[in-house]
There are 4 protein chains.
Amino acid sequence: MKPKSRISPARWAHMRLFAMDVDGILTDGGVYVGSDNTETKRFYIPDGLGLGLLRDTGLPLAWISGRISGATSIRAAELKIPHVIQGRRDKLTALNELAVTLGLELDQCVYMGDDIIDAPAIRAAGIGVSVPHGAKGALAAADYITRRPGGGGAVREVCDHLLAAAGAARGNPGRKPGTIRR
Amino acid sequence: MKPKSRISPARWAHMRLFAMDVDGILTDGGVYVGSDNTETKRFYIPDGLGLGLLRDTGLPLAWISGRISGATSIRAAELKIPHVIQGRRDKLTALNELAVTLGLELDQCVYMGDDIIDAPAIRAAGIGVSVPHGAKGALAAADYITRRPGGGGAVREVCDHLLAAAGAARGNPGRKPGTIRR
Amino acid sequence: MKPKSRISPARWAHMRLFAMDVDGILTDGGVYVGSDNTETKRFYIPDGLGLGLLRDTGLPLAWISGRISGATSIRAAELKIPHVIQGRRDKLTALNELAVTLGLELDQCVYMGDDIIDAPAIRAAGIGVSVPHGAKGALAAADYITRRPGGGGAVREVCDHLLAAAGAARGNPGRKPGTIRR
Amino acid sequence: MKPKSRISPARWAHMRLFAMDVDGILTDGGVYVGSDNTETKRFYIPDGLGLGLLRDTGLPLAWISGRISGATSIRAAELKIPHVIQGRRDKLTALNELAVTLGLELDQCVYMGDDIIDAPAIRAAGIGVSVPHGAKGALAAADYITRRPGGGGAVREVCDHLLAAAGAARGNPGRKPGTIRR
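Residues numbered from 1 in each chain as written. Chains lettered and ligands numbered in written order. Predicted model: local features only at pLDDT ≥ 70, side-chain atom pairs only at ≥ 80, totals over all residues. Heavy atoms only, no water.

Asks: If you had to explain the relation of the copies chain C and chain A to someone new, which residues and values would you point to?
Replies: In screw terms, the move from chain C to chain A is a rotation of 90° and a rise of 0.0 Å along the axis, fitting with an RMSD of 0.0 Å. Here the two chains are linked by the operation of a four-fold rotation axis. (Least-squares fit on C-alpha atoms with pLDDT ≥ 70 in both.)

What follows is the structure, encoded as structure tokens:
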């Protein structure tokens, strides 16, 4: 499979929504199940910092998860994610509905996911993103595969591209790609 | 030890039960012990997705664990695993009993385990599976050793072989091996 | 980027405060979010042992975190960290305020952090430290980049340099660098 | 540092106590601190299985920890460890006291630890063991350094040597080293 690590700044700058799967993207796919029925997930602080910086630019953010999880809801609330959709395995339909609500075309949306149920949304999005350990179907559908793993900076890597593109679009010469990219 | 990574699709298609150990197979062998007496285990979402897809084909699934753990019970219920057997270190006897109950021969069963108490069941099963970091006795007994580690896609890898074989058996040309394999 | 792994013992010995970020430095950046609203962080015992040995030499220690976290407070109390500052993303201002309170110049302070909000404090400190997986801006600002990762010995590595320098300054020939460095 | 991975079966067979540190040996050194004041540690199931097999041979087992932890107590109880000593940083004194109580010489004891406070006990023990990521002082003191990491099979590796030696001493030809070693 050829490397998929180059998207032009202009193409990143065209995006008006950053939607992403949760498990395997914001986490490494692990779910910690406790004997007291608590479900715990490991999120990554630098990903959260990137999402916060991106939110401050006004870009809408969305989490679309196939499962329903209290841990996801709590982390989303902490990061003030405006659109949190859970229990939807039909990711493309959910993404499409959200795009319509926001008055966007799919080709203005970034969608990021790791498994086969994400593949149609990855393929349909303006920039479809997956992660190094994604399922083959997700990797094949992706325009961009992050260098960093899910739950370990993959989301931050996409945030940094979008932040750099937003800075360049505002003519801010001090925010070059690389300055804040990990 | 020679590589053990090739089982023909026809042999996978012959299987009528997928039975597996829990610790080290569905997890990386870690057990999180809390000072409040909670026991937590880390499961892997893509493994669960694979088991769900396999369950939808009608193949019986079984978890056979040497320990008794609330975390295991909770995860098994979430994934709707029909046969959950805990506290049995005599894995082969437990597997045999289940096979008899289901009217199956042992050579129609996949059994997957990582430690020496799993070795007899691995050896007796139609396809005995172990994981890269399994104990020597388990590795020696195995017909197939996964590329991915326990708790990190090993179970999904076996699911994908079984799903591909099931698809091929139904003459579904769109479900080739590799399409959904990670 | 050129290696940044050499600081003279005399320069370490000049330091009068060891201040550090928490997430990504004392942890690997992971935050475990539970469905019961518990937030958990993974700290590293050898880091704690190093901080304890350093505290015994009389060197002031400070934790400066951009987030507010109960887990951080609990671990800080266990390790008897005298200065714990949370919810401050303006790390340099916070470090500066603490230095003034303690009657120190910034060039007598070690500051250690991993992300872009840490970069100004890393740059201004007498010895600015970052970790292998730090953000580019943090790495560029650093005088010293640890070999060991955040949450896995990076803090212990700095402790060991400071302990060795303190031992040498007291003419203790038995406490050479390397004796207790990991 | 030269490899330290060869101890003769006869020397393992001479041992009458297996004493070990907890953090960094039975775990990877991580401690999970929750905002609800729960402290959690990750233990490794195959280590526990090895300790159980060893206990069945009648060899006394001891855990000697510098910290006091509820998680340690709970795991020790689950594994029925007969001698659990916590809050003792003077490991050698604690080991010595236990040896006297059991009527043993130190050269009949295996002691396993990873940090500088373990080094004197490692040096004094009949077989002193450390782990690949141990502190330099611990590694220098050790007779044997495991291949597998703390919390990931290091204890099992030592158990397997002791089990193999016990089997050979009983003239059991079926229990050769390697049969159950990971």
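Asks: Explain the arrangement of the chains residue by residue, including any values.
Replies: Here chain B and chain C are not in contact; the least distance found between their C-alpha atoms is 12 Å. One finds no contact linking chain A with chain D; the least C-alpha distance across the pair is 12 Å. (Contact = heavy atoms within 4.5 Å.)

Asks: Would you mind going over the environment of C:Leu61 in detail, with residue names and values included?
Replies: Residues and elements named next belong to chain C. Its place among the elements puts Leu-61 in strand β4 (residues 61-65). Exposure remark for Leu-61: the relative accessible area of 0% places this residue in the buried category. Taking the C-alpha atoms as reference points, Leu-61 and Arg-16, 45 residues apart in sequence, are found 9.1 Å from one another. Not counting residues up to four positions away in its chain, the partners in contact with Leu-61 are Leu-17, Phe-18, Leu-51, Leu-54, Arg-55, Ile-81, Pro-82 and His-83. (Helix = DSSP H or I, 4+ residues; strand = E, 2+ residues; numbered from the N terminus. Buried < 20%, exposed > 50% of the residue type's maximum accessible area, 1.4 Å probe, protein only.)

Asks: Could you give an account of unusual backbone geometry, naming the residues involved and the relevant values?
Replies: All names here are of chain D. Residues other than glycine seldom take positive phi values, yet Asn-37 does so here, at roughly 75°. Inspection of the secondary structure assignment puts Asn-37 in the loop between β2 (30-34) and β3 (39-44). Assessed through its relative accessible area of 55%, Asn-37 is described here as exposed. The backbone of Lys-80 shows a phi angle near 55°, a positive value even though the residue is not glycine.

Asks: Which residues make up the pairing of strand β5 (residues 83-86) of chain C, and what are the values?
Replies: Residues and elements named next belong to chain C. Sheet topology places β4 next to β5; four bridges connect them, and they run parallel. Counted as the bridge partner of Ala-62 is His-83 from β5. For the segment spanning β4, helix α3 (residues 70-78) and β5, crossover handedness is right-handed. (Pairing = 2+ DSSP bridges. Right-handed = clockwise from strand over helix to strand, strands pointing away.)

Asks: Tell me what's going on with the environment of A:Arg89, and back it up with residues and numbers.
Replies: Of note, A:Arg89 is situated in the loop between β5 (83-86) and α4 (91-101). In the structure, A:Arg89 is positioned 74 residues away from A:Met15 in sequence and 24 Å away in space, judged by C-alpha atoms. If we skip the residues at most four places from it in the chain, A:Arg89 touches A:Gly66, A:Ile117, B:Leu49 and B:Leu53.

Asks: Now, about helix α7 (residues 154-169) of chain B: what can you tell me, with residues and values included?
Replies: For α7(B), built from 16 residues, the straight-helix expectation of 22 Å at 1.5 Å per residue is met to within 8% by its first-to-last C-alpha distance of 23 Å. Among the 16 residues of α7(B), 13 are classified as buried, and the element is accordingly described as predominantly covered. (Expected span 1.5 Å × (residues − 1).)

Asks: Describe the pattern of salt bridges, listing the residues and the values that go with them.
Replies: Overall, the coordinates contain 60 salt bridges over all chains when judged by the stated rule. When the shortest N-O distance is used, the salt bridge between A:Arg67 and B:Glu78 registers 2.5 Å. In this pair, A:Arg67 sits in the loop between β4 (61-65) and α3 (70-78) while B:Glu78 sits in helix α3 (residues 70-78), so the two residues belong to two different chains. Under the relative-accessibility criterion, A:Arg67 is labelled buried at 17%. On the accessibility criterion, B:Glu78 (33% relative accessible area) is partly exposed. A network of salt bridges, in which partner residues are shared, links A:Asp23, A:Glu39, A:Lys41, A:Arg67, B:Arg75 and B:Glu78. (Salt bridge = Lys/Arg side-chain N within 4 Å of Asp/Glu carboxyl O.)

Asks: So, the relation of the copies chain D and chain B: which residues are in play, and what are the values?
Replies: Note on the identical chains: chain D maps onto chain B by a rotation of 90° and an axial translation of 0.0 Å, with an RMSD of 0.0 Å. Of the interface residues in chain D, just 12% have counterparts in chain B that sit at the interface too, so the contact is made through distinct surfaces.

Asks: I'd like to hear about the packing of aromatic side chains, residue by residue, with values.
Replies: Considering all chains together, one arrives at twelve aromatic pairs over all chains under this definition. Relative to D:Tyr32, the ring of C:Tyr32 lies with its centre 5.5 Å away and its plane at 80°, an arrangement referred to as edge-to-face. Placement of C:Tyr32 in strand β2 (residues 30-34) and of D:Tyr32 in strand β2 is noted, with the two residues assigned to different chains. On the accessibility criterion, C:Tyr32 (6% relative accessible area) is buried. Plain terms: the ring middles of D:Trp12 and D:Tyr144 are 5.6 Å apart, the flat faces sit at 80° to each other, and that makes the pair edge-to-face. Placement of D:Trp12 in helix α1 (residues 9-13) and of D:Tyr144 in strand β8 (residues 144-145) is noted, with a sequence separation of 132 residues between them. (Phe/Tyr/Trp six-rings, centres within 6.5 Å; stacked < 30°, edge-to-face > 60°.)

Asks: So what's going on with the interface of chain C and chain A? Which residues, and what values?
Replies: Across the boundary between the two partners, chain C contributes 23 residues, which contact 25 residues of chain A. Regarding the contact of chain C and chain A, the summed buried area is about 1900 Å², with carbon and sulfur atoms giving 56% of it. On the chain C side of the interface with chain A, the three residues burying the most area are C:Tyr32, C:Val33 and C:Ser35, jointly 28% of the side's total. The partner of A:Arg156 in a salt bridge is C:Asp115, and the shortest N-O contact between them spans 2.8 Å. Elements supplying a minimum of two residues to the side of chain C that touches chain A: β2 and α6 (136-141) of chain C. Ranked by the residues each element gives to the side of chain C that touches chain A, the list is headed by β2(C), at five residues. As paired strands, strand β3 (residues 39-44) of chain A and β2(C) are joined by five bridges and run antiparallel to one another. Note that in β2(C) the partner of A:Arg42 across the bridge is C:Tyr32. (Buried area = accessible area lost by both parts, 1.4 Å probe.)

Asks: With reference to specific residues and values, describe the interface of chain D and chain B.
Replies: With 25 residues of chain D at the interface, the matching set in chain B holds 22 residues. Buried surface at the junction of chain D and chain B, summed over both partners, amounts to about 2000 Å²; 56% is from carbon and sulfur atoms. Where chain D packs against chain B, one counts three salt bridges. In this structure, the connection of chain D to chain B is made through seven residue pairs in polar contact (both at pLDDT 80 or more). For the side of chain D that touches chain B, the secondary-structure elements that each account for two or more residues are β3, α2 (45-56) and α3 (70-78) of chain D. At six residues, the largest contribution of residues to the side of chain D that touches chain B is made by β3(D). In terms of residue class, the side of chain D that touches chain B is made up of ten nonpolar, six polar and nine charged. (Polar contact = N/O pair within 3.5 Å; in protein donor to acceptor, adjacent residues only side chain to side chain. Nonpolar A, V, L, I, M, F, W, Y, C, P; charged D, E, K, R; others polar.)

Interpretation in functional terms is not warranted from these geometric data alone.
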